[in-house]
Amino acid sequence: MSQTDTLSADAAADPAPLMPLLLVDDDAPFRQRLTVMLARKGFAVTAAGSLSEARIEAARMKPTHAVVDMRLDDGNGLDLVAELRALSPDIRIVVLTGYGNLATAVAAVKAGAVDYLAKPADPEDIVRALSAEAGERPEAPPEPMSADRVRWEHIQRVYELCDRNVSETARRLKMHRRTLQRILAKRSPK
């Protein structure tokens, strides 16, 4: 293969420019996994672990897309949604939360989010919400998680937040410790 062939092959393989995305979540392992997944989907991801860090990054990078956790250690993600919308009226924002309810979903959409997803959100669902055309509702996921899987994911998240302390996790979930141990010993449901 000649040098010209190599250059033309590189030019043909050059993907479209990456879309700048601000990812704000105080759960470091989740943030890292989501960063990798979103980067694979064509986003130039800048991750922030706090509201203050997110404000600095947003002013610096001017994102076209954002994924924001509702509850952060240093504030409420809804405040950031309104600030991001003021910074760039066309920004596509998805709000994630592990503590969802109807009132906060309505507040997120009123603040300017295009969608509101409960954690653990599937990266495909996030990309679908970010990619929907303006004024168009994101399409429903083709294969939503089963109720058993959502329950298992929630238990795993609380377990991790409790530093893998079974007793503390059982207390917070209001379940018997042995029941929790049996759930944790099983594989994730499909």
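Quick caveat, the model's predicted, so the values are computed rather than measured.

In this structure, Leu 22, Val 24 and Leu 84 are the most contacted members of the largest nonpolar core, which totals 22 residues. Of all the elements in the fold, those that place two or more residues in this core are strand 1 (19–24), helix 3 (51–61), strand 3 (65–69), helix 4 (77–87), strand 6 (92–97) and helix 5 (102–111). Setting aside residues no more than four positions away along its own chain, Val 24 makes contact with Ala 48, Ser 50, Ala 54, Val 67, Val 68, Asp 69, Leu 72 and Leu 80. Counting residues in hydrophobic clusters, the runner-up holds 15 residues, among them Leu 38, Leu 96, Leu 117 and Ile 126.

On to the sheet that holds strand 7 (residues 115–118), then. Sheet strands pair by backbone hydrogen bonding; their relative direction is either parallel or antiparallel. Spatial ordering of the open sheet is given by 2-1-3-6-7, a layout of five strands whose pairing is parallel. Looking along the sheet, the strands with just one partner apiece sit at the ends: strand 2 (43–48) and strand 7. The mean inter-strand angle of the sheet, taken between neighbouring strand axes irrespective of direction, is 20°. Across four bridges, the pairing between strand 6 and strand 7 is parallel. The residue bridging Val 95 from the neighbouring strand is Tyr 116, located in strand 7. Strands strand 1, strand 3 and strand 6 of the sheet are contacted by helix 4, whose axis makes an angle of about 165° with strand 3.

Let's shift gears to the environment of Phe 30. Relative to the assigned elements, Phe 30 resides in helix 2 (residues 28–40). Along the primary structure Phe 30 and Pro 120 are separated by 90 residues, whereas in three dimensions their C-alpha atoms are 8.8 Å apart. When neighbours within four sequence positions are excluded, Phe 30 is seen to be in contact with Asp 25, Leu 96 and Lys 119.

Rules of the game
- Residue positions are given per chain, counting from 1 as you read along its sequence in written order.
- Reporting in this predicted model follows two pLDDT cut-offs: at least 70 for local features of residues, and 80 or more for side-chain atom pairs to be given and counted; totals over whole chains, interfaces and linings ignore these cut-offs and use all residues.
- Water and hydrogen atoms were dropped before computing side-chain values, which therefore reflect all heavy atoms in the structure.
- Side-chain atoms within 4.5 Å link the members of a nonpolar core, which is a set of buried Ala, Val, Leu, Ile, Met, Phe, Trp, Tyr and Cys residues.
- Categorising residues by exposure relies on relative accessible area from a 1.4 Å probe, with only protein chains included: less than 20% of the type maximum marks a residue as buried, more than 50% marks it as exposed, and the intermediate range marks it as partly exposed.
- A run of H or I in DSSP counts as a helix once it spans at least four residues, and a run of E counts as a strand once it spans at least two, with each numbered from the N terminus.
- For this analysis, residues touch if any pair of their heavy atoms sits within 4.5 Å.
- A pair of strands counts as paired when DSSP detects no fewer than two bridges linking them.
- Helix axes use the C-alpha atoms of the stretch in contact, all axes being lines fitted to C-alpha atoms, and the angles between their N-to-C directions lie in the range 0 to 180 degrees.

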